[in-house]
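If you want the building blocks of each chain, they are given just below.
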Number of protein chains: 2
Amino acid sequence: MFNCVIIRYGEIGTKSKQTRRWFEQILVNNIKEALITEGVEYKSVLAKHGRIIVKTNEAKESLDVLKRVFGIVSLSPAMEVNAELEKINKTALKLFRKKKRELNLEKPKFRVTARRITKEFPLKSPEIQAKVGEYILENEEADVDLKNYDINVGIEIMEGKAYIFVDKIKAFGGLPIGTQGKVVVLLSGGIDSPVAAFLMMKRGCEVVPVHIYMGEKTLEKVRKIWNQLKKYHYGGKSDLIVIKPKERERVLRKLKELGRENYTCIFCKFMMVENADKIAREFGAKGIVMGDSLGQVASQTLENMYIVSQASDLPIYRPLIGLDKEEIVGIAKEIGTFELSTLPEDEVPFIPKHPVIRGSWEEFKKLYREIFGEEPKERGC
Amino acid sequence: MFNCVIIRYGEIGTKSKQTRRWFEQILVNNIKEALITEGVEYKSVLAKHGRIIVKTNEAKESLDVLKRVFGIVSLSPAMEVNAELEKINKTALKLFRKKKRELNLEKPKFRVTARRITKEFPLKSPEIQAKVGEYILENEEADVDLKNYDINVGIEIMEGKAYIFVDKIKAFGGLPIGTQGKVVVLLSGGIDSPVAAFLMMKRGCEVVPVHIYMGEKTLEKVRKIWNQLKKYHYGGKSDLIVIKPKERERVLRKLKELGRENYTCIFCKFMMVENADKIAREFGAKGIVMGDSLGQVASQTLENMYIVSQASDLPIYRPLIGLDKEEIVGIAKEIGTFELSTLPEDEVPFIPKHPVIRGSWEEFKKLYREIFGEEPKERGC
């Protein structure tokens, strides 16, 4: 029944004309990539007059995919017909009937909202609304109600075509991936880091996912998580990078010898960020993303994050820093990573009983010297 | 009618016993401070058995205040009576009637949920529920419905007292201020930075608000914003710190001379962070909070944030980094800073027409040398 999808985007609209063109082009490319990846056939994807029209006979299938393309604010499966009043009337009635059946209402309240985006069509918007409304009232049990309506019949007219729709589906918003550069994300297999990755992707970043190896079971889980996240990463190219840290065993053994196992988690995280830093330089990424949320576990303190942050001079982005666990879990469930994050993982043998809660940078440097024979690279003060 | 408020808290419950005590104590103190600051009278604030009971005859007024204390998940204005069935019945009926009037329902559906938190009371929870339910049915037009109820009559029994309530009001959650240390927040007067401050406060941070002076009008506005934010800062002590940067005029003039006004915003922000860093050291704050959201304006890029981040070796927390403008505005409206942020402010005379979008660190360092006669302090690479 539908032969196209109308795509509306938000923030792009507020940029300068030049930036906007560029954004639109990236969004169009990401949309194509998404549809091709998911095997949804389409005839064309065209940006015009502040919206993008996808012509396709697989409108329904395409909606499921397009909902996951960042930069898109809302979507309407629509019928494109020639902009002639009779055709508009008939199509509007058809869609009205479809929606009425769906809602299972005997006498729905409705309104018609028309917009001429280009002005060739002879009737003005209020006239179109009146005509189409009348036509529906002549043919169906219904009442007009501009405020408390059950059905909104939308009509947009441009370049000799009319687009008619009865649904407007919310998407994630954000910015098209690829418009904001690249960041490295440390993916652990827990609930938080995939959500952090998702939020950065949503704001237009291509992410380079890095996993620090803990064991096969955890790795398999992280692969599943990344495969799920890829469904939001159209326009991004990265594959999961897995790093087996050579030094870890030695470092943790040494900490044990020194009787300072309580610094194990901090050293682990510090080395993770060092690794992420290397990958970032190799791939031209401009930041490192972590799933830290303040105070979620006793050791997620400002003091410990201070130490870990010294492992790289790249900014560390922590999009979850201000969120409660409940909010993070909510997002994880919405994007389909929660269940994967609760799959079994390898036991980590070296987690200390009492990790240090407020680590000291001076103490850390001392231990670092004893283990590596040199200071960690100094940063500033 | 009510003589107390039951306070429920979330994440604290998951901590170790020792941490939990400490958290509870801070939360109790913050609650007292909030009530005293807002002139709400109370008799006592006591933590017991995983909840906090505030005894007060000003339950309604206290709710408005307590909703803004972080760490609290939900609140119920309640009646405390001796744990005797007859008293419980009568009180439950009274509250049921009150709620019925409020909802304006002729025959509401209801349920009773009882919990014995300590076990002295002779009846078990299901028996209490049955007895109280019966009593209400004998005295009022109503139906029991455990799933689709209009009214939930809650009863909690502990230490010889019963607490009866019919409302459960959601609060912000988060962690009690003071449990997570201190951070400096750069407050500009815009929409974003107050929201960033709010989110860090919500996660238990005391914030030290720093404003870099732009003019009297903006300052007055920022004072109003901080006064509003203080309503969420019970337990925190800070006053607004205003810094008039001595060097700014000279730096910006010099940039103009060099024909590099496009770096004005980056230098301004860099100097802001340098100032924030100094304040942080003075006040023992462990991080700097900024309202950056990626790509919101053309110059909020990973490249520019990289440069600005080099101004301090403290971690920079950007709780809005993964949020859309719409989401940020939503929070700003909810917490009452949005309207204040849209008040008029001083025109900033030195905003360049074309700020650099992807600033280069090398270029920045060169300019810095020319202006200050030395390199910015090196950090790592």
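The name recorded for chain A in an unreviewed UniProt entry is Probable tRNA sulfurtransferase, from Thermococcus barophilus. Under the heading Sequence similarities (unreviewed entry), UniProt records this for chain A: "Belongs to the ThiI family." The UniProt entry for chain A carries the following comment under Subcellular location (unreviewed entry): "Cytoplasm".

## Some words on helix α6 (residues 216-229) of chain B
Owing to its 3.6 residues per turn, the α-helix brings residues three or four apart onto one side. For α6(B), with 14 residues, the first-to-last C-alpha span of 20 Å sits near the 20 Å given by 1.5 Å per residue. Residues of α6(B) that are buried in the fold lie against α5 (192-202), β11 (206-212), β12 (241-243), α10 (325-335) and α11 (338-341) of chain B.

## Overview of the relation of the copies chain B and chain A
Of the two same-sequence chains, chain B is brought onto chain A (RMSD 0.0 Å, axial shift 0.0 Å) by a rotation of 180°. Taken together, the rotation angle and the small translation identify this as a two-fold axis. When the interface residues of chain B are mapped onto chain A, 100% of them are again interface residues, pointing to one common binding face.

## Side note on the sheet that holds strand β10 (residues 182-186) of chain B
All names here are of chain B. Spatial strand order, β12-β11-β10-β13-β14: five strands in an open sheet with parallel pairing. Where the open sheet ends on each side, the last strands, each with one partner, are β12 and β14 (316-317). Of the pairings in the sheet, the one linking strand β13 (residues 288-289) to β14 comprises two bridges and is parallel in character. Within the sheet, the bridge partner assigned to I288 lies in β14 and is I316. Across the sheet, α6 is in contact with β11 and β12; its angle to β11 comes to roughly 170°.

## Observations concerning the pairing of strand β7 (residues 151-158) of chain A
Residue and element names in this part refer to chain A. The element β7 is extensively covered by neighbouring structure, given that seven of its eight residues are classed as buried. Two elements, strand β5 (residues 109-116) and β7, share seven bridges in a ladder whose sense is parallel. In the sheet register, A114 faces β7, and the bridge partner there is I155. Adjacent in sequence and paired antiparallel, β7 and strand β8 (residues 161-165) are bridged by two residues, among which E159 carries a positive phi angle near 50°.

## Details of the environment of L320(B)
Residues and elements named next belong to chain B. With respect to the element layout, L320 can be found in the loop between β14 and α10. Between the alpha carbons of L320 and D292 there is a distance of 6.2 Å; along the sequence they are 28 residues apart. What L320 contacts, discounting residues up to four positions off in sequence, is D192, V195, A196, L199, G291, D292, S293 and I328.

## A word on a nonpolar patch on the surface
On the surface, a cluster of nonpolar side chains totalling about 280 Å² of accessible area is made up of L137(A), V144(A) and L146(A). Structurally, L146(A) is set in the loop between β6 (143-144) and β7.

## Focus on the interface of chain B and chain A
Where interface size is quoted, it is often the accessible area lost as the parts come together. Contacts between the two partners involve 50 residues from chain B and, on the opposite side, 51 residues from chain A. Roughly 3,800 Å² is buried in total at the junction of chain B and chain A, and carbon and sulfur atoms are behind 52% of that figure. Across the chain B-chain A interface, the total number found is four salt bridges. The residue K202(A) makes a salt bridge to E327(B) at a minimum N-O spacing of 2.7 Å. At the boundary of chain B with chain A, the tally comes to 12 residue pairs in polar contact (both at pLDDT 80 or more). Elements with a contribution of two residues or more to the side of chain B that touches chain A: β10, α5, α9 (302-309), β14 and α10 of chain B. Ranked by the residues each element gives to the side of chain B that touches chain A, the list is headed by α9(B), at five residues.

## A short note on empty space enclosed by the protein
Residue and element names in this part refer to chain A. For the structure on display, the rule yields three cavities of 30 Å³ or more. At four residues, helix α8 (residues 264-283) tops the list of elements feeding residues into the lining of the second largest cavity. Looking at the lining of the second largest cavity residue by residue, the class counts come to five nonpolar, one polar and one charged.

## A short note on the UniProt feature "domain: THUMP" (unreviewed entry) in chain A
Annotation from UniProt places "domain: THUMP" (unreviewed entry) at residues 60-168 of chain A. As annotated, residues 60-168 of chain A has a helix share of 38% and a strand share of 31%, and its two end C-alpha atoms lie 13 Å apart.

## Let's talk about unusual backbone geometry
A positive phi angle, near 50°, is found at H49(A), a position not held by glycine. The residue H49(A) is located in the loop between β2 (44-48) and β3 (51-55) in this model.

## What to know about the pattern of salt bridges
Residue and element names in this part refer to chain B. Throughout the structure, instances matching the rule amount to 56 salt bridges over all chains. For R358, the salt bridge goes to E303, with nearest N and O atoms at 3.6 Å. Separated by 55 residues along the polypeptide, R358 in the loop between α11 and α12 (361-372) and E303 in helix α9 bring together distant segments of the chain. According to the relative accessible area criterion, R358 is partly exposed, its value standing at 41%. E303 sits in the buried class, given a relative accessible area of 14%. The residue R369 makes a salt bridge to E375 at a minimum N-O spacing of 2.2 Å.

## Points about the nonpolar core
A general trend in soluble globular proteins is that nonpolar side chains are found buried together. Ranked by internal contacts, the top residues of the largest apolar core, which has 73 residues, are L186(A), F267(A), F364(A), L186(B), F267(B) and F364(B). If we ignore the near neighbours within four places in the chain, the residues touching F364(A) are Y263(A), I266(A), F267(A), F270(A) and I307(A).

## Some remarks on the packing of helix α1 (residues 17-37) of chain A against helix α2 (residues 59-66) of chain A
Residue and element names in this part refer to chain A. As a packed pair, α1 and α2 sit with axes 10 Å apart at the nearest point and diverge in direction by 115°. The handedness of the crossing between α1 and α2 comes out as right-handed. Facing α1, whose interface residues are I31, A34 and L35, α2 presents S62, V65 and L66. Looking at the contact of α1 with α2 residue by residue, the class counts come to five nonpolar, one polar and no charged.

## Side note on the packing of helix α7 (residues 248-257) of chain A against helix α12 (residues 361-372) of chain A
All names here are of chain A. Where α7 meets α12, the axes come as close as 10 Å, and the angle between the chain directions of the two elements is 115°. At the point where α7 passes α12, the crossing takes the right-handed sense. Between α7 and α12, the contacting residues are R250, V251, K254 and L255 on the first element and L367, E370, I371 and F372 on the second. Each residue belonging to the contact of α7 with α12 can be placed in one class, and the counts come to five nonpolar, no polar and three charged.

## Describing the environment of V28(B)
All names here are of chain B. Relative to the assigned elements, V28 resides in helix α1 (residues 17-37). Judged by its relative accessible area of 4%, V28 falls in the buried class. Placed 19 residues apart in sequence, V28 and A47 show a C-alpha to C-alpha distance of 7.2 Å. Apart from residues lying up to four places away in sequence, V28 is in contact with V45, A47 and I52.

## Thoughts on the UniProt feature "binding site: ATP" (unreviewed entry) in chain A
Residues annotated by UniProt as "binding site: ATP" (unreviewed entry) correspond here to L186(A), L187(A), K269(A), G291(A) and Q300(A). For L186(A), the position within the fold is in strand β10 (residues 182-186). Its relative accessible area of 8% is what places L186(A) among the buried residues. The residues touching L186(A), leaving out its near neighbours within four places in the chain, are S193(A), V210(A), I212(A), M272(A), V273(A), A276(A), I288(A), V289(A) and M290(A). Within the secondary structure, Q300(A) is located in the loop between β13 (288-289) and α9 (302-309). Once you skip the residues sitting within four places of it in the chain, Q300(A) turns out to touch K269(A), D292(A), S293(A), L294(A), G295(A), M305(A) and Q180(B). Polar side-chain contacts of Q300(A) include one of 3.3 Å to the backbone nitrogen of S293(A).

Rules behind the numbers
Residues numbered from 1 in each chain as written. Chains lettered and ligands numbered in written order. Predicted model: local features only at pLDDT ≥ 70, side-chain atom pairs only at ≥ 80, totals over all residues. Heavy atoms only, no water. UniProt positions renumbered as here; feature names shortened; annotations may be inferred. Helix = DSSP H or I, 4+ residues; strand = E, 2+ residues; numbered from the N terminus. Expected span 1.5 Å × (residues − 1). Contact = heavy atoms within 4.5 Å. Least-squares fit on C-alpha atoms with pLDDT ≥ 70 in both. Pairing = 2+ DSSP bridges. Axes fitted to C-alpha atoms, helices over the stretch in contact; angles between N-to-C directions. Buried < 20%, exposed > 50% of the residue type's maximum accessible area, 1.4 Å probe, protein only. Patch = residues over 30% accessible without salt bridge, like charges linked within 9 Å, V, L, I, M, F, W, Y side chains within 5 Å. Areas by Shrake-Rupley, 256 points an atom, 1.4 Å probe, with all protein chains shown as cover. Salt bridge = Lys/Arg side-chain N within 4 Å of Asp/Glu carboxyl O. Buried area = accessible area lost by both parts, 1.4 Å probe. Polar contact = N/O pair within 3.5 Å; in protein donor to acceptor, adjacent residues only side chain to side chain. 1 Å grid on protein atoms, 1.4 Å probe; cavity = no way out; pocket = protein on both sides within 12 Å on 5 of 7 lines; lining within 4 Å. Points joined across faces, edges and corners; volume = space filled by probe spheres on them. Nonpolar A, V, L, I, M, F, W, Y, C, P; charged D, E, K, R; others polar. Core = buried A, V, L, I, M, F, W, Y, C linked by side-chain atoms within 4.5 Å. Left-handed = near helix turned anticlockwise from the far one by under 90°.

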